[in-house]
Amino acid sequence: TNTTAIAVNDDAVEPDSGFARIRFINLMPNAGAVDFYKGNTILKNNIGYKEFTEFFDVPFGSDSFSIRPT
């Protein structure tokens, strides 16, 4: 009864070599707005529930991603 669907358009553009093209979608209903980090660098901020970022390129590497409350 609590299931919802979200439709977002895809982006068929290939990034330059050495990069990945990603998009972040906040599907955590009890988290409020969140910030998306790569390592200690903020990539996108203040992403509300059911909101999504535009596509963006990130370089390949060993950094980790994290999500923190805004």
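Look up a bit, the structure's there.
First things first, this report covers the structure right here in the doc. (Residues numbered from 1 in each chain as written. Predicted model: local features only at pLDDT ≥ 70, side-chain atom pairs only at ≥ 80, totals over all residues. Heavy atoms only, no water.)

**Some remarks on the nonpolar core**
Core analysis: the biggest nonpolar cluster contains 6 residues, these being Phe24, Val34, Phe36, Ile47, Phe56 and Val58. Contributions of two or more residues to this core are made by strand E2 (34–38) and strand E4 (56–59). Among all residues touching isoleucine 47, those that are not within four sequence positions of it are Phe24, Asn26, Gly32, Ala33, Val34, Phe36, Phe52 and Thr53. (Core = buried A, V, L, I, M, F, W, Y, C linked by side-chain atoms within 4.5 Å. Buried < 20%, exposed > 50% of the residue type's maximum accessible area, 1.4 Å probe, protein only. Helix = DSSP H or I, 4+ residues; strand = E, 2+ residues; numbered from the N terminus. Contact = heavy atoms within 4.5 Å.)

**Points about the environment of glycine 32**
Structurally, glycine 32 can be placed in the loop between strand E1 (19–22) and E2. Residue glycine 32 is classed as partly exposed on the basis of its relative accessible area of 35%. Spatially, the C-alpha atom of glycine 32 lies 9.0 Å from that of asparagine 46, the residues being 14 residues apart in sequence. Discounting residues that sit within four places of it in the chain, glycine 32 has contacts with Asn26, Ile47 and Tyr49.

**Description of the side chain of aspartate 35**
Relative to the elements of secondary structure, aspartate 35 occurs in strand E2. The buried charged residue aspartate 35 lacks any salt bridge, with arginine 68 as its nearest oppositely charged partner at 7.8 Å. Within polar-contact distance, the side chain of aspartate 35 engages the side chain of threonine 70 at 3.0 Å. Residue contacts for aspartate 35: discarding those within four places in its chain leaves Ile42, Lys44, Asn45, Asn46, Ser66, Ile67, Arg68, Pro69 and Thr70. (Lys, Arg positive; Asp, Glu negative; His and termini not counted. Salt bridge = Lys/Arg side-chain N within 4 Å of Asp/Glu carboxyl O. Polar contact = N/O pair within 3.5 Å; in protein donor to acceptor, adjacent residues only side chain to side chain.)

**Quick notes on the sheet that holds strand E3 (residues 41–47)**
The strand order E3-E2-E5 describes an open sheet built from 3 strands, whose pairing is antiparallel. The outermost strands of the open sheet, each flanked by one partner alone, are E3 and strand E5 (65–69). The sheet shows a mean angle of 20° between the axes of neighbouring strands, direction not considered. Judged from the 5 bridges that link them, E2 and E5 form a sheet pairing that is antiparallel. Each bridged residue has a counterpart across the sheet, and for tyrosine 37 the counterpart in E5 is serine 66. (Pairing = 2+ DSSP bridges. Axes fitted to C-alpha atoms, helices over the stretch in contact; angles between N-to-C directions.)

**A short note on the pattern of salt bridges**
One pass over the structure, following the stated rule, counts 3 salt bridges. Its salt-bridge partner being arginine 21, residue aspartate 57 comes within 3.3 Å of it at the nearest N-O pair. With aspartate 57 in strand E4 and arginine 21 in strand E1, this pair connects stretches of sequence that are 36 residues apart. Accessibility expressed as a relative area gives 32% for aspartate 57, which makes it partly exposed. Close ionic contact of glutamate 54 with lysine 44 constitutes a salt bridge, the shortest N to O distance being 2.5 Å. Taken as a pair, glutamate 54 in the loop between E3 and E4 and lysine 44 in strand E3 lie far apart in primary sequence, 10 residues in all. The network of salt bridges with shared partners includes Asp11, Arg21 and Asp57.

In short, the description is geometric, and any link to function would need to be established separately.
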